[in-house]
Each structure stands twice: as structure tokens, then as C-alpha cells.
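# A structural walkthrough
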Amino acid sequence: HASGAWMEEFGAWYFDLARRWDGTFVHQGPPGLRKDKYAGWDCTGAYLLSYAAPLGTIYLTGKAPAFVPEFDSATAAQTIADGRGWNNKDRQSAYDALGTGQLLARLESWSPVVRERAAMALGRRKDDVTEQLVALLDAPALDSRYGACQALKQQRARAAGAVDTLRKAFQAKDLWLRVLAADALAGIGDPARVAIPDLLERLTQSDPENDPRNMEQRYLSFALFNQRGGLLSRSLEGVDGELLFEAVRAGLQNEDGRARGSYASVYRNLEYDQLKPLLPAIHRAIAEPAPSGIMFADGIRMSGLQLFAEHQVSEGIELLADYARNQKKHGSQKRIVQVMKLLEMYGAHAQRVIPNLQETADYFENREEGFPKKLSREKAKVVREAIAAISQSDELPKLQTLNL
């Protein structure tokens, strides 16, 4: 029913228009005068899979029944209806035209998108709905409590009166309710700082059986430390040091690169001497990249490398030389410039990794695969220029060592 509703709404006519004279399909790209970089890609297989779906003989994720119940026709139709009134040029007017009561009712929808659109619309209004949202936090249906949290987040400081109730919600058995409650507390901001010990304590914990990837820790990292909106992103004043350090050590080992990146705010908000108990964990977060979230995985590594270079930590020299070669390729043509500048801050001490740098430059110029050749050569040039500068340097700044 779900795929059928989609085909009736959008897919069928598009598929007919996309089919070429010989029955094949190529990537269409977004509407516009210029083609995107995937122009000409053969997408016939994907289209044929869609055509074959009604046969009921494709098992992409196994033959066992799905854990989530299938849509019936009424739910599929409602889902299509729920998606109306939104486009990139006008994301707000459809929900802004609804009454406050209608928006509150939509907070109880099973759909997180419907709840979010209603929450954002309520946030744009001047109505004080905190009392209604607090009452919704005690509703028997989880979806209703989810919606209350999503809306309280959008109320910002106006929802200060909901902090105590949100702290209770944060102790719930349901993982996603705890996550949304933490997110709401972060949205409320300073009035919710009383909940920081609760969030830090939970962040240090793990539940391998029910949350093997520690996704709750991931979201708590954002709620507490994310540069934009984290409760501790601007100041760590008044926070218990031991609990903070325990949480940071745990979070720096989260499997998600973006979650780890949140902790760069800690590096900025503490003096170097205050960070000393965390230096081994910072070193490990540089040396061992996050296994997922690779798009963001470089952030915390670069923050650590910069911290070490600024304070002349000896171990940073080898870490920089290794990172120059083994960083993710995407954007590396820009990142390599910063890496070499950090290495040059060590002066003549960096001469000990010149053989590594020479091998890296040769790799970029002659052996790097899966990256534009022109950009690989540019990276090689940057590394060789750094080698020349380091070779000529006679500066020997005093180094510190971690004694790991």
C-alpha cells in the first residue's frame, strides 16, 4: 500500500517520462539548466526493481516478516496527505494557517515529521502552550509524549516551567523518549542547566544489549556539547569536574564521528592545564578514527591535533605525519594545508618525520587512487613545501610529552 500510494502520487508518471526509447533509464538529476555530476549514470536496474515490486518476489532484507507492521491503505493515504503543504520555497505557510488546537492535536501523530512540523509552527507563535505540553508529557501514548518533547524544544526559554517534568521524562524506560527529553532540555537552554548532572551521568553509561551502538550517548553528546545549542557548549562553569571528564572520555569513544566532534567545545572551554587529565583520551581520539560518521570524523581529530601543536605536545608530530597520509580523501586537498602548517609549528623537531612526509608526497603524486589526479599532485606539492620549510628550520620550541 505504501509503495503503491507513492507510485500513484509521483512515481508512475515520472517513470513513464524517464524511460528512454530503448527501454533503459538514466539518471535524470534535479530540474535545472545544468546537469549534475551523475549525468548519464545507468539507473535501469533501480527502476526495474520498482516495476518488479508488485510481483512480491524481491527479498532485499531477508524473507522474514518485517518488525514494523505494513501500512494499510488508509494509513498510506494519510501519509501522503501528511506530506502535503511543504516545498523548499514554502516550508511554513500550510502549518502556520492551522489553529493552535489543530497543531497540538498533530503533536500526537505517529509520524515524527508531522509532529516536528507542528512543533516548529507552535514555536513560531507567541502563544504560551507550556501547560498543555506538560500535560501531554503524561499522555499514555508514547507518540504524544514524543510530540510534547519536540514542541517544548521549539518553545526555547518560554518552556522553563517544563524542566522538572522533562527531567522525569528523561528517566523513562523508553530510549527515544529519553533522547527527545534531553533534546528539549538543550533547546530550553540556561533554565535547564540544572539537568546537566542527569545528562552527564547517563552519557557515561552503556547498554550493549539494547543499544549496541550507544546511540543514546550520541544524542546526549549533541545535547550537552554541540557548538550550536549544547547546554555546555559555551561554558563549563559549575560542572562537577570528575563527572565531566568521565563523560568526555566515554563520548570520545563513541562510534559516530559527528558525536565525537561535539567534544571540541570542551577543548575550547578549558585551559590546557585543566585538560591534562583528558590528554590520553584526546590522543586516542586522534589516533583511532570513529568507525562511522566518516563525513564528520575529521573534526575532532583536527581539533586534537591543533591543541597538541599549539601546546607543543611531542606526540603530535607523529600523529600529524600519520594523519597527513591517512585522513579521509574528501576535502583532503584543503585539509592538508592546515595539517602541514600545524606540523611546521614544531620547528626543527618535525625533522624526525621527514622520511614519512617524503613517502606521503610520493604516494600522493604517483599512487593515490580514487581521487582527482590534479588534486593529488597539489597535495604532494604542499607536503614537499612543508618538508623544505621544516628542513631549513632551526627553531627548537620546548616540547611537552604525554608519557603514555
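In the block above lies the structure referred to throughout.
Right, let's walk through the structure included here.

What counts, and where the lines are drawn
Along each chain, the written sequence defines residue order, and numbers are assigned to residues from 1. Where local features are concerned, this predicted model is filtered to residues with pLDDT of at least 70; where side-chain atom pairs are given and counted, the filter is 80 or more; whole-chain, interface and lining totals use all residues. Note: side-chain values were computed over all heavy atoms of the structure, leaving out hydrogens and water. Numbering of helices and strands runs from the N terminus; a helix is a DSSP stretch of H or I covering at least four residues, while a strand is a stretch of E covering at least two. Burial here depends on accessible area, computed with a 1.4 Å probe over protein chains only, as a share of the maximum for the residue type. Under 20% is buried, over 50% is exposed, and the range in between is partly exposed. Contact between two residues is taken to exist if any of their heavy atoms lie within 4.5 Å; hydrogens are not considered. Only the protein chains shown count as covering a residue, and every accessible area follows the Shrake-Rupley method with a 1.4 Å probe. Lines are fitted to the C-alpha atoms to define the axes, a helix being fitted only along its stretch in contact, and any angle between axes, read from their N-to-C directions, falls within 0 to 180 degrees. By definition in this entry, angles of less than 35 degrees are roughly parallel, angles greater than 145 are roughly antiparallel, angles of 65 to 115 are roughly perpendicular, and the rest are oblique. Handedness of each helix crossing follows the sense of rotation of the near helix against the far helix: counterclockwise by less than a right angle gives left-handed, clockwise gives right-handed. Amino acids outside the nonpolar list (Ala, Val, Leu, Ile, Met, Phe, Trp, Tyr, Cys, Pro) and the charged list (Asp, Glu, Lys, Arg) are all regarded as polar, and Gly is one of them. Two rings from Phe, Tyr or Trp (for Trp, the six-membered ring) form a pair when their centres are within 6.5 Å of each other. A pair whose planes differ by under 30 degrees is stacked, one over 60 is edge-to-face, and the rest are tilted. As a reminder, the over-ring test applies to NZ of lysine and CZ of arginine, requiring each to be within 6 Å of the ring centre and within 35 degrees of the ring normal. We define the bend at each residue as the angle formed by axes fitted to the 7 residues ending at it and the 7 residues starting at it. Within this scheme, the nonpolar core is defined by two criteria: the residues are buried Ala, Val, Leu, Ile, Met, Phe, Trp, Tyr or Cys, and they are joined through side-chain atoms within 4.5 Å. The patches reported here contain residues having more than 30% relative accessible area and no salt bridge. Joining distances are 9 Å for like charges and 5 Å for nonpolar side chains (Val, Leu, Ile, Met, Phe, Trp, Tyr). The term salt bridge refers to a side-chain nitrogen of Lys or Arg lying within 4 Å of a carboxyl oxygen of Asp or Glu. Only four residue types enter the charge count: Lys and Arg as positive, Asp and Glu as negative, with His and the chain ends excluded. Where a charge lies is defined by one atom per residue type: Lys uses NZ, Arg uses CZ, Asp uses CG and Glu uses CD.

## Topic: the overall build of the protein
The number of helices and strands found in the protein is 22 helices and 0 strands. Here the C-alpha coordinates of the protein stretch approximately 75 × 65 × 40 Å along the principal axes. The proportion of buried residues among the 404 residues of the protein is 42%. Within the protein, counting contacts between residues at least 6 apart in sequence, those at least 24 apart form 67% of the total. By element, 53% of the accessible surface of the protein is carried by carbon and sulfur atoms, the whole surface being about 22,600 Å².

## Overview of the packing of helix H19 (residues 315–326) against helix H20 (residues 332–344)
Orientation of H19 relative to H20, taken along the N-to-C sense of each, is 160°, at an axis distance of 10 Å. By the criterion of interaxial angle, the relationship of H19 to H20 is roughly antiparallel. Seen from above, H19 lies across H20 with left-handed handedness. In this structure, H19 contributes Ile317, Leu320, Tyr323 and Ala324 to the contact, and H20 contributes Arg335, Ile336, Val339, Met340, Leu342 and Leu343. For the contact of H19 with H20, the residue count by class is 9 nonpolar, no polar and 1 charged.

## Quick look at the packing of aromatic side chains
What describes a pair of aromatic rings is the distance from one ring centre to the other and the angle between the planes of the rings. Enumeration over the complete set of coordinates arrives at 15 aromatic pairs. With a centroid separation of 4.8 Å and 75° between ring planes, the pair formed by Tyr38 and Trp41 is classed as edge-to-face. The class for Tyr38 is partly exposed, based on a relative accessible area of 35%. Ring geometry for Tyr219 versus Phe222: centroids 6.2 Å apart, planes at 90°, classification edge-to-face. A residue pair is termed a helical-turn pair when its members lie 3 or 4 positions apart in one helix, as Tyr219 and Phe222 do in helix H12 (residues 215–225) at 3 residues. What makes Phe222 buried here is its relative accessible area of 13%. Through a chain of ring-to-ring contacts, the aromatic side chains of Trp6, Phe10, Trp13, Tyr14, Phe15, Phe25, Tyr47 and Tyr51 assemble into a single cluster. In this structure, Arg106 packs its charged tip against the face of Tyr95, placed 5.0 Å from the ring centre. Against the face of Phe364 rests Lys379, its NZ or CZ located 4.3 Å from the ring centre.

## A closer look at helix H1 (residues 2–18)
Roughly 65° is the biggest bend found in H1, and it falls at Glu8. Those residues of H1 that fall on the buried side of the exposure criterion are Ala5, Gly11, Phe15 and Ala18. Buried positions along H1 lie against helix H2 (44–52) and helix H3 (73–82).

## What to know about the nonpolar core
Among the nonpolar cores identified, the biggest contains 101 residues, and Leu166, Leu199, Phe225, Val266, Phe308 and Met340 are the most heavily contacted of them. For this core, the element with the highest residue contribution is helix H10 (residues 175–188), accounting for 8 residues. Setting aside chain neighbours within four positions, we find Val266 in contact with Phe225, Leu236, Val248, Leu275 and Leu278.

## With respect to the environment of Trp6
Take Trp6: it is sitting in helix H1. Judged by its relative accessible area of 40%, Trp6 is partly exposed.

## Quick word on a negative patch on the surface
Judged by side-chain charge, Glu201, Asp240, Glu242 and Glu246 come together as a negatively charged surface patch. Along the chain, the position of Glu242 falls in helix H13 (residues 241–251).

## Focus: the environment of Ala388
Note on placement: Ala388 falls in helix H22 (residues 373–392). Since its relative accessible area comes to 34%, Ala388 is described here as partly exposed. When the C-alpha atoms of Ala388 and Gln351 are compared, they prove to be 9.9 Å apart, with 37 residues separating the residues in sequence.

## Concerning unusual backbone geometry
The phi dihedral of Arg156 falls on the positive side, at around 55°, and the residue is not glycine. Looking at where Arg156 falls in the secondary structure, it is placed in the loop between helix H8 (142–155) and helix H9 (163–169). Backbone geometry places Gln312, a non-glycine residue, at a positive phi of 55°. Among the secondary structure elements, Gln312 is positioned in the loop between helix H18 (298–310) and H19.

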